[in-house]
Amino acid sequence: MVNRKKASLELTLLVAIMSLFIIGVSVYSVLKINRLNKSSKELYDDRILPTDQLADIRYNTFKIIDVVNQIENNQIDYSLAFDKIAKAQVDINLNWKNYQQTYLVEREKQLVFETTSKINVLNITIEKLKLALKNQDANLLSAILKSELHSNLNTIIHSVTDLIYLQVRIGKEINKDIAKDYADFTKEIIWILVLAFGFVFPFAYCLVKKNNSIISKLNLNEVKLFLTEKNYRNFIEYAGEAILILDEETNVIDLNDVSCTLWGYSREEMLKMKISDLVPEEELKKQTQDISLIRKNKFAIISRKIRRKDGTLIDTEISNRVMEGRGFFNIIHDITERKNTEKAVKKSEEKY
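Nothing here was measured: the structure is a model prediction, and the numbers come from that model.

Section: the pattern of salt bridges
Right, so step 1: Under the counting rule described, the total for this entry stands at 14 salt bridges.
Right, so step 2: Measuring nitrogen to oxygen at the nearest pair gives 3.2 Å for the salt bridge that ties R304 to E283. Here R304, found in strand β3 (residues 299-307), pairs with E283, found in the loop between α6 (267-270) and α7 (284-297); they are 21 residues apart in sequence, far enough to count as distant.
Right, so step 3: R304 sits in the buried class, given a relative accessible area of 2%.

Description of the nonpolar core
Right, so step 1: If you look at the biggest cluster of nonpolar residues, it comprises 32 residues, and the most contacted ones within it are L54, I71, W96, L129 and L149.
Right, so step 2: Breaking this core down by element, the ones donating at least two residues are α1 (4-72), α2 (78-100), α3 (106-135) and α4 (138-237).
Right, so step 3: When residues in this core are grouped by element, the largest group, ten residues, is from α4.
Right, so step 4: Those residues within four positions of W96 in sequence are excluded, and the remaining contacts are L54, I57, V112, T115, T116, I119 and L163.
Right, so step 5: If you look at the next biggest cluster of nonpolar residues, it comprises 23 residues, including A242, L255, I302 and I332.

Some remarks on empty space enclosed by the protein
Right, so step 1: Taken as a whole, this structure holds one cavity of 30 Å³ or more when the rule is applied.
Right, so step 2: Taken as a whole, the largest cavity holds about 160 Å³ of empty space.
Right, so step 3: Taken together, 17 residues form the lining of the largest cavity, with L246, I275, Q287, N320 and N330 sitting closest to its centre.
Right, so step 4: Taken together, the elements giving at least two residues each to the lining of the largest cavity come down to β1 (242-246), α7, β3, β4 (313-323) and β5 (327-334).
Right, so step 5: The class makeup of the residues in the lining of the largest cavity is twelve nonpolar, four polar and one charged.

Let's talk about the pairing of β4
Right, so step 1: The sheet contact formed by β3 and β4 spans nine bridges and is antiparallel. Paired with A300 across the strands is N320, a residue of β4.
Right, so step 2: In textbook terms, the turn of a hairpin is the stretch between consecutive antiparallel strands, and for β3 and β4 this stretch comprises five residues, one of which, G311, has a positive phi near 95°.

A look at the sheet that holds strand β2 (residues 252-255)
The strands making up a sheet associate through backbone hydrogen bonding, with each pair oriented either parallel or antiparallel.
Right, so step 1: Spatial strand order, β2-β1-β5-β4-β3: five strands in an open sheet with antiparallel pairing. Here the strands that pair on one side only, and so sit at the sheet edges, are β2 and β3. Taking each pair of neighbouring strands and ignoring which way they run, the sheet shows an average axis angle of 30°.
Right, so step 2: Of the pairings in the sheet, the one linking β4 to β5 comprises eight bridges and is antiparallel in character. Note that in β5 the partner of M323 across the bridge is G327.
Right, so step 3: Each of β3, β4 and β5 is contacted by α7, which is oriented at about 160° to β3, the strand it contacts most.

Re the packing of α2 against α3
Right, so step 1: One way to put it is that α2 packs onto α3 with a least axis distance of 11 Å and a crossing angle of 160°. Relative to α3, the element α2 is oriented roughly antiparallel. By crossing handedness, the relation of α2 to α3 is classed as left-handed. Every residue of α3 that contacts α2 at Y78, A81, F82, I85, A86, Q89, N93, W96, Y99 and Q100 is listed here: E108, V112, T115, T116, I119, N123, I126, E127, L129, K130, L133 and K134.
Right, so step 2: Class assignment for the residues of the contact of α2 with α3 results in twelve nonpolar, six polar and four charged.

What to know about the environment of L111
Right, so step 1: Mapping L111 onto the fold places it in helix α3.
Right, so step 2: Considered as a pair, L111 and D162 are 51 residues apart in the sequence and their alpha carbons are 8.2 Å apart.
Right, so step 3: In this structure L111 touches D162, L163 and L166, once residues within four positions along its chain are discounted.

Examining α7
Think of an α-helix as 3.6 residues a turn; residues three or four steps apart then line up on the same face.
Right, so step 1: Here α7 is 14 residues long and its end C-alpha atoms lie 20 Å apart, about the 20 Å a rise of 1.5 Å per residue gives.
Right, so step 2: Each element contacted by the buried residues of α7 is listed here: β3, β4 and β5.
Right, so step 3: Positive phi shows up at K298, right after α7, with a value of about 70°.

What about the side chain of T115?
Right, so step 1: Mapped onto the elements of the fold, T115 is located in helix α3.
Right, so step 2: Among residues more than four places away in sequence, those in contact with T115 are W96, I156, S159 and L163.

A word on unusual backbone geometry
Right, so step 1: Positive phi values are uncommon outside glycine, yet N74 reaches one of about 55°.
Right, so step 2: In this fold, N74 is placed in the loop between α1 and α2.
Right, so step 3: Positive phi outside glycine occurs at K298, with the angle close to 70°.
Right, so step 4: With respect to the helices and strands, K298 occurs in the loop between α7 and β3.

Rules of the game
Residues numbered from 1 in each chain as written. Predicted model: local features only at pLDDT ≥ 70, side-chain atom pairs only at ≥ 80, totals over all residues. Heavy atoms only, no water. Salt bridge = Lys/Arg side-chain N within 4 Å of Asp/Glu carboxyl O. Helix = DSSP H or I, 4+ residues; strand = E, 2+ residues; numbered from the N terminus. Buried < 20%, exposed > 50% of the residue type's maximum accessible area, 1.4 Å probe, protein only. Core = buried A, V, L, I, M, F, W, Y, C linked by side-chain atoms within 4.5 Å. Contact = heavy atoms within 4.5 Å. 1 Å grid on protein atoms, 1.4 Å probe; cavity = no way out; pocket = protein on both sides within 12 Å on 5 of 7 lines; lining within 4 Å. Points joined across faces, edges and corners; volume = space filled by probe spheres on them. Nonpolar A, V, L, I, M, F, W, Y, C, P; charged D, E, K, R; others polar. Pairing = 2+ DSSP bridges. Axes fitted to C-alpha atoms, helices over the stretch in contact; angles between N-to-C directions. Parallel < 35°, antiparallel > 145°, perpendicular 65-115°, else oblique. Left-handed = near helix turned anticlockwise from the far one by under 90°. Expected span 1.5 Å × (residues − 1).

Structure (structure tokens):
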């Protein structure tokens, strides 16, 4: 015999295990992806963004060289040259300050220290250049351009370029590690899923077999129930006596054709009635007492007058049996003819 309760428990257990597995994999995946996202953010914040800042420094350094060349070729006036050089200087210093706030590996620190010194020297030279431009001192300007400016600018360009190459190499290494982490994470998820399905499929297969057995058992029970109901229907229809089935509140819930003939109502009409609707008013009090007696003794045979649909009264003898938790089963026998015979015999006895 299939234990349906056990099978249901096993199904619940399977669902619970799969739910916990899904939650566990989801939590693990979220944590892992957050860590990978953090690594990607670090790659951007500490490598890609600093590379962009260094590129701006180199761009503005070339910009100063271009302005200096224009000054030497008398292609720009001193005032405009002053503005362009001052702006480029501000951009160089701002980008260098921001760059130093990012994470620096050991290979960067020495280069950063050396480049900081060179930028400080360049700032001193640029301040002299700005002073010469402001005062429109051609001699001082020529001396600065020939003696120190070009060499300082070229030194900055070389140092910044070295830092950019270093950023690119470090970024590639970090990106390689991130790619490896993503590949390892994908393999872990695949193995987890393979192991999970390896556990679930055999368990689910056994469970399906058990459930199929339960379904077969239920189908068999339904067939048996159908046959039982069919036998029950045949019994009440061909019993030869009027049969009423009442619920706990004495409502008519089933009957046979003999009952319809006896009372003169249609089946649909009687299914809307209570037993109290089928007896005369003078019998109602006794009817209530009889119902209490039947509930107590579980069975009783009582005599009762019933009222037909056309208003005529007939004598009946009713066998009443309690159906536990369901209501009452009544077999009604018409004893009107017997009663009339008894009256005739009694009248004859009194006469003689």
